[in-house]
There are 2 protein chains.
Amino acid sequence: MVNHFDRQLNLAFGARAHPIRCGILARLFEGEASIAELARPLRVSAPAISKHMRILEEAGRLSRKTEGREHRCRLEPKRMKDAEGWIEQHRTFWNERLDEYLKAFQ
Amino acid sequence: MVNHFDRQLNLAFGARAHPIRCGILARLFEGEASIAELARPLRVSAPAISKHMRILEEAGRLSRKTEGREHRCRLEPKRMKDAEGWIEQHRTFWNERLDEYLKAFQ
DNA sequence: AAAATGATTAACCATTTAGTTATCTATAAA
DNA sequence: TTTATAGATAACTAAATGGTTAATCATTTT
């Protein structure tokens, strides 16, 4: 049986949990952006964005390509799809267990 | 348009993100437990469990009934179902946006 | 070649988080 | 009724988080 509370899920949840990281994801749905372009509307410094970017990249939600001195950040659709599929599996698992639970206790 | 990164989702994610809280949820899938019974296998003090319980209760994932001096903790199936439904909505949203994104960029 | 720009890294600081032990309250057992 | 037990709360500490500014590196512009 899979461990349903493993690091990968925690990472995905943790990555999304911070408002600045949510802001980054939301912004990138509109299209690519550089670090500076992400920083400006979120009212934080570039180093702050840089750190959040690393977390989101490690969680497999973002990627970047370096164009000269600019880093163009974008959503990583394939890996995002994977993550969402992953969550979907867990959702199913939870619902099944909840059904059991409901039968047993109510 | 709904704000898809709102407090409720962050709370649900945050609540699940900590290993001890994951451990509590996993344990309660096996059935009810007291604070002490939760604490023992997780190798932390009762006050530590007490704090995590509060977070999980506020996130609507657990409830307890007081039986004498014991607190019987259990999953809160209805509210869990709500939370999962909530996540399901978001999953759908994300997939739709991802499809748009894929069409636009690939 | 020098200056300016985009981003990372380093060093630092404040806040939050998560744990502990000690104390207190309520219930159960002696 | 005294003692023991379950749990909450308080006070404290250590570690993690998230931010800043300053320094550095690479690229672009002048």
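1. Observations concerning unusual backbone geometry
All names here are of chain A. Here the phi dihedral of Arg43 falls at roughly 60°; this positive angle occurs in a residue that is not glycine. Among the secondary structure elements, Arg43 is positioned in the loop between helix H3 (35–42) and helix H4 (46–58). According to the relative accessible area criterion, Arg43 is exposed, its value standing at 75%.

2. A few points about the protein's contact with DNA strand C
DNA strand C sits among 21 residues. The nearest are A:Ser50, A:Arg64, B:Ser45, B:Lys51 and B:His52. In DNA strand C, atoms within 4 Å of the protein come from the sugar-phosphate backbone in 69% of cases. In this structure, A:Ile35 approaches DNA strand C through a main-chain N or O atom, which is 3.2 Å from a phosphate oxygen. At 2.6 Å from a base oxygen of DNA strand C is found a side-chain nitrogen or oxygen belonging to B:Lys51. At the level of secondary structure, the elements contributing two or more residues to the surface near DNA strand C comprise H3, H4 and strand E2 (70–75) of chain A together with helix H2 (19–29) and helix H4 (46–58) of chain B.

3. Quick look at the protein's contact with DNA strand D
The immediate surroundings of DNA strand D are formed by 21 residues, with A:Ser45, A:Lys51, A:His52, B:Ser50 and B:Arg64 found nearest. The share of sugar and phosphate among atoms of DNA strand D within 4 Å of the protein is 70%. In the model, a phosphate oxygen of DNA strand D is placed 2.5 Å from a nitrogen or oxygen of the A:Ser45 side chain. Between A:Arg69 and DNA strand D, the recorded distance is 3.4 Å, taken from a side-chain N or O atom to a base oxygen. Tallying contributions element by element places H4(A) first for the surface near DNA strand D, with 4 residues. A class-by-class count of the residues in the surface near DNA strand D yields 7 nonpolar, 7 polar and 7 charged.

4. Let's talk about the side chain of B:Ser34
Tracing the backbone shows B:Ser34 in the loop between H2 and helix H3 (35–42). Given the relative accessible area of 4%, B:Ser34 is considered buried.

5. Here we look at the confidence of the model for chain A
Interpreting fine coordinate detail is not advised for predicted regions of low pLDDT. Residue and element names in this part refer to chain A. Per-residue confidence for chain A averages 76 on the pLDDT scale, and 58% of its residues sit at or above 70. Per-element mean pLDDT across chain A ranges from 55 in helix H1 (residues 7–17) up to 97 in H3. Here residues 1–8 is a poorly scored stretch, pLDDT under 50, and it has 10 contacts once near neighbours within four places are set aside; other chains count.

6. Things to note about H2(B)
Residues and elements named next belong to chain B. Counting buried positions along H2 yields 8 of 11 residues, so the element is predominantly enclosed. Taken residue by residue, H2 has Ile20, Arg21, Cys22, Gly23, Ile24, Leu25, Leu28 and Phe29 as its buried positions. A positive phi of about 135° marks Gly31, the residue just after H2.

7. What about the pairing of E2(A)?
Summarising the sheet, strand E1 (residues 62–67) of chain A and E2(A) pair through 6 bridges and their orientation is antiparallel. Directly across from A:Thr66, in E2(A), lies its bridge partner A:His71.

8. Remarks on the pattern of salt bridges
Evaluation of the coordinates by the stated rule reveals 12 salt bridges over all chains. One salt bridge in this structure joins B:Glu37 and B:Arg72, with 3.4 Å as the shortest N-O distance. Highlighted residues: B:Glu37 in helix H3 and B:Arg72 in strand E2 (residues 70–75), separated in sequence by 35 residues. Judged by its relative accessible area of 27%, B:Glu37 falls in the partly exposed class. For B:Arg72, a relative accessible area of 13% puts it in the buried group. In this structure, B:Glu57 and B:Arg64 form a salt bridge, with 2.8 Å as the shortest nitrogen-oxygen distance. In this structure B:Glu57 comes out as partly exposed when scored by relative accessible area, which is 24%. According to the relative accessible area criterion, B:Arg64 is partly exposed, its value standing at 27%. Taken together, the salt bridges that share partners define one network made up of A:Glu32, A:Glu37, A:Lys65, A:Glu70 and A:Arg72.

Reading guide: rules and limits
Residues numbered from 1 in each chain as written. Chains lettered and ligands numbered in written order. Predicted model: local features only at pLDDT ≥ 70, side-chain atom pairs only at ≥ 80, totals over all residues. Heavy atoms only, no water. Helix = DSSP H or I, 4+ residues; strand = E, 2+ residues; numbered from the N terminus. Buried < 20%, exposed > 50% of the residue type's maximum accessible area, 1.4 Å probe, protein only. Near = heavy atom within 4 Å. Polar contact = N/O pair within 3.5 Å; in protein donor to acceptor, adjacent residues only side chain to side chain. Nonpolar A, V, L, I, M, F, W, Y, C, P; charged D, E, K, R; others polar. pLDDT = per-residue confidence, 0-100. Contact = heavy atoms within 4.5 Å. Pairing = 2+ DSSP bridges. Salt bridge = Lys/Arg side-chain N within 4 Å of Asp/Glu carboxyl O.

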